[in-house]
Amino acid sequence: MVYFCTMIQKQRKYPGKRKSELTRQFIIEETAVLFNQKGYSGTSMHDLTQATGLSKGSIYGNFEDKDAVAIAAFDYNFQQMFHHLGELLVSKQGHHTRLFALPEVYLDMYPWLVERGGCPLLNTGMDADDAHPRLKEKVKTAMETLLKGLEGLLKTGISKGELKEDLDIPYWTHVIYAIIQGGIVLSKTTEQPVYLENAMIHLNEIIQTKLKK
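Residues numbered from 1 in each chain as written. Predicted model: local features only at pLDDT ≥ 70, side-chain atom pairs only at ≥ 80, totals over all residues. Heavy atoms only, no water.

Visitor: It is not clear to me how the overall build of the protein chain should be interpreted in this structure. Could you clarify?
Guide: Of regular secondary structure, the protein chain possesses 10 helices and zero strands. Viewed in the frame of its principal axes, the protein chain has a C-alpha envelope of about 60 × 35 × 30 Å. For the protein chain, the accessible surface area stands at approximately 11500 Å², while carbon and sulfur atoms represent 53% of it. (Helix = DSSP H or I, 4+ residues; strand = E, 2+ residues; numbered from the N terminus. Areas by Shrake-Rupley, 256 points an atom, 1.4 Å probe, with all protein chains shown as cover.)

Pasting the structure below:
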């Protein structure tokens, strides 16, 4: 019943798509949070059939194997996170350079991440590591996308005359990313948001004292 109701919704959301494409999208969306919460190894085929209401044969009729489902689910999770991050950044209209809004944005996004099981890059990166090279490569590519986004914020700030011109952009990109992800993993692991809150206070101090012109 869940499958048929959701398929009707997806036909409205994705007009013109074939039933096979809609079924594939349904499987991805219904298993995305599951993979993010339980990890690749912790998610069984039984979990996938329970989440979708589909048989093992129906799932494998749309995906080559469990790896393919996990990779598609990770792509979806990252796209959702990246889109949500972008929306929050755009909403901070009071900030000339959106780098200044970054600490506030990640604090705003944290409950959204927790609801979905945490940051998909952190979760999948730790889960895949050396055991699942295809997933690990996906995480690396996603991470590079975020790092390029941070580089862009720094370059924009410099071009607008709001950040120091002689900044070591690669260095500060790595530092900012490490502070953010460190705060997220500590808060999610301990279930204490104060770690991310303190990390974002520190990041704001760095932006104001080390980066701002």
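More follows now that the structure is in view.
Visitor: Mind showing me how you'd approach unusual backbone geometry here?
Guide: Note on backbone geometry: most residues besides glycine have negative phi, and most peptide bonds are trans. Positive phi, normally seen in glycine, also occurs at Glu-191, with a value near 60°. Take Glu-191: it is sitting in the loop between α9 (169-190) and α10 (194-211). The exposure class assigned to Glu-191 is exposed, which follows from its relative accessible area of 70%. (Buried < 20%, exposed > 50% of the residue type's maximum accessible area, 1.4 Å probe, protein only.)

Visitor: Would you take a moment to explain the pattern of salt bridges for this structure?
Guide: Close approach of charged atoms allows side chains with opposite charge to pair. On inspection of all chains with the given rule, the structure shows eight salt bridges. Across the pair Lys-92 and Glu-104 runs a salt bridge whose closest N-O atoms are separated by 3.1 Å. Of the two residues, Lys-92 sits in the loop between α5 (66-91) and α6 (102-115) while Glu-104 sits in helix α6, which places them 12 residues apart along the sequence. Owing to a relative accessible area of 13%, Lys-92 belongs among the buried residues under this scheme. Glu-104 sits in the partly exposed class, given a relative accessible area of 37%. Among the charged side chains, a salt-bridge network with shared partners connects Lys-92, Glu-104 and Asp-108. (Salt bridge = Lys/Arg side-chain N within 4 Å of Asp/Glu carboxyl O.)

Visitor: Help me understand the side chain of Thr-52 in this model?
Guide: In this structure, Thr-52 sits in helix α3 (residues 45-52). Here Thr-52 falls in the buried class, since its relative accessible area comes to 1%.

Visitor: Any chance you could explain the nonpolar core here in plain terms?
Guide: Soluble, globular proteins show a tendency: their nonpolar side chains are buried together. Ranked by internal contacts, the top residues of the largest apolar core, which has 64 residues, are Met-81, Leu-99, Leu-102, Leu-121, Leu-154, Ile-176 and Leu-211. For this core, the secondary structure elements donating two or more residues are α2 (19-42), α3, α5, α6, α7 (120-128), α8 (133-159), α9 and α10. Contacts of Leu-99, omitting those with residues within four sequence positions, involve Leu-153, Leu-154, Leu-163, Ile-176, Ile-207 and Leu-211. (Core = buried A, V, L, I, M, F, W, Y, C linked by side-chain atoms within 4.5 Å. Contact = heavy atoms within 4.5 Å.)

Visitor: Explanation requested: the environment of Pro-103 in the structure shown.
Guide: Take Pro-103: it is sitting in helix α6. With 97 residues separating them along the chain, Pro-103 and Met-200 place their C-alpha atoms 4.9 Å apart. When sequence neighbours within four positions are dropped, the list of residues in contact with Pro-103 reads Met-200, Leu-203, Asn-204 and Ile-207.

Visitor: Help me understand the confidence of the model for the protein chain, please; the structure alone is not making it clear to me.
Guide: Should the pLDDT be low somewhere, the predicted coordinates at that spot are not to be read in detail. Overall, the prediction assigns the protein chain a mean pLDDT of 90, with 91% of residues at 70 or greater. When mean pLDDT is compared element by element in the protein chain, α10 scores highest at 98, while helix α1 (residues 2-13) scores lowest at 47. (pLDDT = per-residue confidence, 0-100.)

Visitor: For this particular structure, what's the right way to read a nonpolar patch on the surface?
Guide: A cluster of nonpolar side chains, contributed by Val-185, Leu-186, Val-194 and Tyr-195, occupies part of the molecular surface with about 300 Å² of accessible area. Elements that contribute at least two residues to the nonpolar patch include exactly α9 and α10. Looking at the secondary structure, you find Val-185 in helix α9. (Patch = residues over 30% accessible without salt bridge, like charges linked within 9 Å, V, L, I, M, F, W, Y side chains within 5 Å.)

Visitor: Is there a simple way to think about the side chain of Thr-124 in this case?
Guide: Secondary-structure assignment places Thr-124 in helix α7. The exposure class assigned to Thr-124 is buried, which follows from its relative accessible area of 12%. Among the polar contacts made by the side chain of Thr-124, one reaches the main-chain carbonyl oxygen of Pro-120 at a distance of 2.8 Å. Setting aside its immediate chain neighbours within four residues, Thr-124 contacts Phe-74, Asp-129, Leu-135 and Val-139. (Polar contact = N/O pair within 3.5 Å; in protein donor to acceptor, adjacent residues only side chain to side chain.)

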